[in-house]
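Structural features, examined
The chain contents come next:
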Amino acid sequence: MTIVALPMMDPVYIEWKNFLKTGNPYKCNARQQIVESWGRCYHGGVDPYDDKIHQRLDELNLHKVLKEKEKLIEIAKPFMSKLHEFFKGAGLIVVLTDENGCILEMLCDEDTRQHPMISCFYPGSSWQEEAVGTNAIGTVLKQGEPLQVSGAEHYCKKNHSFVCSAASIFDSNGRTIGVLDISYASRASHLHTLGIVAVIAEAITAELGIWQKNCELDLLSKRMAKFFNTVSDGVLIVDNNEVVVEINPAGKAMLGKSEQCVIGIELKRLFDNKSGVLLTNSKRYHNIEIIVDNKGDGHFIASREPLINDHDVITGGIIFLRHSIQVKNMVNLNHSNGNYATLQFSDIIGKSVEIREAIHVATRAAATTSNVLLHGESGTGKEIFAQAIHNQSCKHNGPFVAVNCGAIPRELIGSELFGYEEGAFTGAKRGGKPGKFELASGGTLFLDEIGDMPLEQQTALLRVIQERKVARIGSDKMIPVTIRLICATHKNLLEEVEKGAFRLDLFYRLNVLSIIIPPLRERREDIPWLFEHFLEKLSREQGCEFSVEDEVVPYLTGYHWPGNVRELQNVIEHAACLAENGVITVGHLPELLFAPESRMVLASPQIDETIFSREQRQQMAEFTEKYKIISKLDAFAGNVSRVAKELGISRKTLYNKMRLHAIKN
Ligand SMILES: Nc1ncnc2c1ncn2[C@@H]1O[C@H](COP(=O)(O)OP(=O)(O)OP(=O)(O)O)[C@@H](O)[C@H]1O
């Protein structure tokens, strides 16, 4: 390589000399890009006569930058080698820098490398304008456009022997990430070198773009694969001939088929005729119901979206399958249809031996999937027990569907429980309707008042329990159902069996685990706890405090509670409603409670003795008497003689008692 000293008569050199005297760009005849750069260097305080060694990165930082720019180097290097090969022996240096003008890679002949003038080109040295004045690399980084800087156009004298051509390399967002440069020491500049550099920089930019796009596609396809393989919906992709080209693991599990048995097969051949037609006769549908007779739960909800290419042409379809039970569970989670259970064992209030025993058995029942029969009068808490069992069982994530068999007209009970097909009977809904068994599948079906179920439906129920499959009315397709059955009755079912109103075989099927919930009158020590519980609930709901006169609770415990806990709850609400300033007194209790025939205190004194103190019993007796007199006075319009006769006492005694109890007539 020949290093040539520039003659002092070079017109650019003269311009340079003149510029340095004033720094005035308007008096300068050099190229505009060069003058602009000189202006930046002049005002930025770059020393044009500085011949010190270039700024360079230390080992550690250079290593870091090289690591960061690994891909740029990898992509640019083959291009640089080609260039180097092409210009072999011409004394050229091919340089790659980062966006800060720091040399990352350089290629040159061995004898060029040895030349002292070239010593300023080495990995880590900076060619920023601020560091070495106007130069192709630094000035391209400032101005963006490819540029050749020759001889005295360089701001620093030490670079006057070079001709440098550089162009930026960009990432896919158009940000500069590097510069490609060809430099050589010469008096003569050749513009075609700039052209070559610009084209190669563009090629590197294009290849980097392809690499970045590939990375994005790779990431996208990894994400898609993850989604495809882990999503709980079955996903099938079909081509335009309705032939399956892809199926995900969930899809294979749902269809119970291996990949080999699905890929390349027509979609409709994977299903029965009716389902196959439904799945293939439209390019887009949402939530259509498919019932497939195969092993496991073959009851699906299917949706389909067309696959459309960039030219808006349909190239196939993507079909999503979901177990109907999953859909139902989601609906149930939304709490939009009431098929959910909120109550737990902790919501069952009571400390009596009887209720504790019932809770104990129910807890054991929750640990199994056996059918449960709850016996208890109306309002004793049968539903609360059913919900608690469901919520503590392995089915707690499934639906809890409650049906009151006594409340549904006889002729409708079949369609309610088992569902029906479209056109099964006059008035049947279009598309049919799933029954409660299907809706409860995966969870618990609570059949309240099972004793009221008509005999013919008992037979159908027995069949569902035995076969664990249900056929909708009007269809012979069997839909698998996995449910835990909890039934409840206030009737003595064995008596019903004797009367011929209940099937014995069904009774045995339902009565696997039997729980007796005793009436409230047989566990009166629970009344104070229930009273406190319901009052607290009212306080919370109404945002006000209640206080209760001492006599109230003993009075409640003396009533025979034919409506059980539900009635107690209503009585407390009634009293709380009437209570002035939140003070509940006996006077706020409903009159029904004072009717002598409904009082237990008098009827069964031996029970009272075990629960109440003598003082409490005395008080209760007084209250009973007081309210007996009041109710009779009301009944006979204040006619004292009639009331006395009715009570079997003299008028005088009645007056005395009225005075004693402060009763005004
Ligand atoms: N032990 C209890 N603790 C708290 N609340 C109770 C208890 N028992 C019943 N209840 C409440 O009493 C009301 C009636 O209970 P539930 O509906 O469970 O009775 P049921 O026996 O199913 O009645 P029916 O046979 O008339 O349907 C509900 O509001 C319930 O929450």
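Residues numbered from 1 in each chain as written. Predicted model: local features only at pLDDT ≥ 70, side-chain atom pairs only at ≥ 80, totals over all residues. Heavy atoms only, no water.

In the annotation of an unreviewed UniProt entry, the entry for the chain reads Response regulator of zinc sigma-54-dependent two-component system, and the organism field reads Sporomusa ovata.

1. So, the nonpolar core
Ranked by internal contacts, the top residues of the largest apolar core, which has 35 residues, are Trp38, Phe121 and Tyr155. Apart from residues no more than four positions distant in its own chain, phenylalanine 121 is found in contact with Ile93, Val95, Ile103, Met106, Trp127, Phe162, Asp181 and Ser183. Judged by nonpolar contacts, the second largest core, of 32 residues, contains Met453, Val481, Leu506 and Leu510. (Core = buried A, V, L, I, M, F, W, Y, C linked by side-chain atoms within 4.5 Å. Buried < 20%, exposed > 50% of the residue type's maximum accessible area, 1.4 Å probe, protein only. Contact = heavy atoms within 4.5 Å.)

2. Brief notes about the side chain of histidine 588
You can see histidine 588 is positioned in the loop between strand S21 (583–584) and helix H22 (600–603). Ignoring any residue separated from it by four or fewer positions in sequence, one finds histidine 588 in contact with His574, Ala575, Leu578, Ala579, Glu580 and Val583. (Helix = DSSP H or I, 4+ residues; strand = E, 2+ residues; numbered from the N terminus.)

3. Focus on empty space enclosed by the protein
According to the stated counting rule, one finds two cavities of 30 Å³ or more in the structure shown. Considering only enclosed or pocket space, the largest cavity measures out at about 50 Å³ in volume. As for the largest cavity, its lining consists of Asn371, Phe437, Val464, Ile465, Arg468, Val481, Ile483, Arg484 and Leu485. A class-by-class count of the residues in the lining of the largest cavity yields six nonpolar, one polar and two charged. (1 Å grid on protein atoms, 1.4 Å probe; cavity = no way out; pocket = protein on both sides within 12 Å on 5 of 7 lines; lining within 4 Å. Points joined across faces, edges and corners; volume = space filled by probe spheres on them. Nonpolar A, V, L, I, M, F, W, Y, C, P; charged D, E, K, R; others polar.)

4. Regarding the site of the ligand
Within the structure, the ligand sits among 18 residues, and Ile349, Ser378, Gly379, Lys382 and Arg566 are positioned closest to it. Residue glycine 379 places a main-chain N or O atom 3.0 Å away from an oxygen atom belonging to the ligand. Aspartate 448 is positioned with one of its side-chain polar atoms (N or O) 3.1 Å from an oxygen atom of the ligand. Here the ligand, which alone exposes 620 Å², has 85% of that area covered by the protein. In a pocket analysis with a 2 Å cut-off to the grid points, the ligand is assigned to the largest pocket. Breaking the shell around the ligand down by element, the ones donating at least two residues are helix H13 (382–392), helix H19 (527–542) and helix H21 (564–578). For the shell around the ligand, the class distribution of residues is six nonpolar, five polar and seven charged. Summarising the domain contributions, the shell around the ligand has at least three residues from each of domain 3 (338–518) and domain 4 (522–660). (Near = heavy atom within 4 Å. Polar contact = N/O pair within 3.5 Å; in protein donor to acceptor, adjacent residues only side chain to side chain. Areas by Shrake-Rupley, 256 points an atom, 1.4 Å probe, with all protein chains shown as cover. Sits in = over half its atoms within 2 Å of the grid points. Domains from an automatic or database assignment.)

5. Observations concerning the layout of surface pockets
Of the volumes computed, that of the largest pocket is approximately 650 Å³. Listed by contribution, the elements that provide at least two residues to the lining of the largest pocket are H13, H19 and H21. Of the residues belonging to the lining of the largest pocket, the class tally is nine nonpolar, seven polar and nine charged. Two domains each put at least three residues into the lining of the largest pocket: domain 3 (338–518) and domain 4 (522–660). Put simply, the second largest pocket is a space of about 400 Å³. In terms of lining, the second largest pocket is formed by 15 residues, of which the most central are Lys274, Leu278, Glu289, Ile291 and Glu421. The set of elements that each furnish at least two residues to the lining of the second largest pocket consists of helix H10 (273–280) and strand S8 (285–291). Looking at which domains feed residues into the lining of the second largest pocket, each of domain 2 (231–326) and domain 3 (338–518) supplies at least three.

6. Remarks on the environment of glutamate 573
Mapped onto the elements, glutamate 573 comes out in helix H21. It is 7.5 Å that separates the C-alpha atoms of glutamate 573 and leucine 538, two residues lying 35 residues apart in sequence.

7. Notes on the sheet that holds strand S1 (residues 93–98)
Spatial ordering of the open sheet is given by S2-S1-S5-S4-S3, a layout of five strands whose pairing is antiparallel. Either end of the sheet is taken by a strand with one partner, and the two such strands are strand S2 (103–108) and strand S3 (147–150). Averaged over neighbouring strand pairs, the angle between their axes works out to 15° when direction is ignored. One ladder, built from five bridges, connects S1 with S2; its direction is antiparallel. Its bridge partner being in S2, valine 95 is matched across the sheet by methionine 106. Helix H7 (residues 136–143) rests against S1, S3, strand S4 (162–170) and strand S5 (176–185) of the sheet, and its axis sits at about 40° to S4. (Pairing = 2+ DSSP bridges. Axes fitted to C-alpha atoms, helices over the stretch in contact; angles between N-to-C directions.)

8. Examining the sheet that holds strand S10 (residues 314–323)
Strands sit in the order S7-S6-S10-S9-S8 across an open sheet of five strands; the sheet is antiparallel. With partners counted over all chains shown, the strands left at the sheet margins are strand S7 (244–247) and S8, one partner each. Each strand of the sheet is rotated relative to its neighbour by a mean of 25°, with strand direction disregarded. Across five bridges, the pairing between S8 and strand S9 (residues 299–308) is antiparallel. Looking across to S9, one finds that isoleucine 288 is bridged to alanine 302. Sheet strands in contact with H10 are S8, S9 and S10, and its direction is about 170° off that of S8.

9. Section: the packing of helix H4 (residues 70–86) against helix H8 (residues 191–230)
Running from N to C, H4 and H8 point in directions that differ by 145°, and their axes come no closer than 10 Å. Considering only the axes of H4 and H8, their crossing is right-handed. Residues Lys71, Leu72, Ile75, Ala76, Phe79 and Leu83 of H4 form the contact with H8, whose own contacting residues are Ile196, Ile200, Ala203, Ile204, Glu207, Leu208 and Trp211. The class makeup of the residues in the contact of H4 with H8 is eleven nonpolar, no polar and two charged. (Left-handed = near helix turned anticlockwise from the far one by under 90°.)

10. Some points on the packing of aromatic side chains
Here a ring pair, both rings aromatic, is described through the centre-centre distance and the interplanar angle of the planes. Going through the model one piece at a time under the given rule, you end up with eleven aromatic pairs. Ring centres 5.7 Å apart and planes at 75° place the aromatic pair phenylalanine 19 and tyrosine 42 in the edge-to-face group. Here phenylalanine 19 is found in helix H1 (residues 11–22), whereas its partner tyrosine 42 is found in helix H2 (residues 32–43), with 23 residues between them in sequence. Judged by its relative accessible area of 2%, phenylalanine 19 falls in the buried class. Considering the side-chain rings of phenylalanine 86 and phenylalanine 87, the 5.2 Å spacing of their centres and the 80° angle between planes classify their relative orientation as edge-to-face. (Phe/Tyr/Trp six-rings, centres within 6.5 Å; stacked < 30°, edge-to-face > 60°.)

11. What to know about the environment of glutamate 99
Among the structural elements, glutamate 99 can be located in the loop between S1 and S2. What glutamate 99 contacts, discounting residues up to four positions off in sequence, is Lys69, Leu141, Thr176, Ile177 and Gly178. In terms of polar contacts, glutamate 99 uses its side chain to reach the side chain of lysine 69, at 2.8 Å.

12. A few points about the packing of helix H12 (residues 353–366) against H13
Between H12 and H13, the shortest axis-to-axis distance is 8 Å and the interhelical angle comes to 40°. With respect to the hand of their crossing, H12 and H13 are arranged in right-handed fashion. Within the contact between the two elements, H12 uses Ile355, Ala358, Ile359, Ala362, Thr363, Ala365 and Ala366 and H13 uses Phe385, Ile389 and Gln392.

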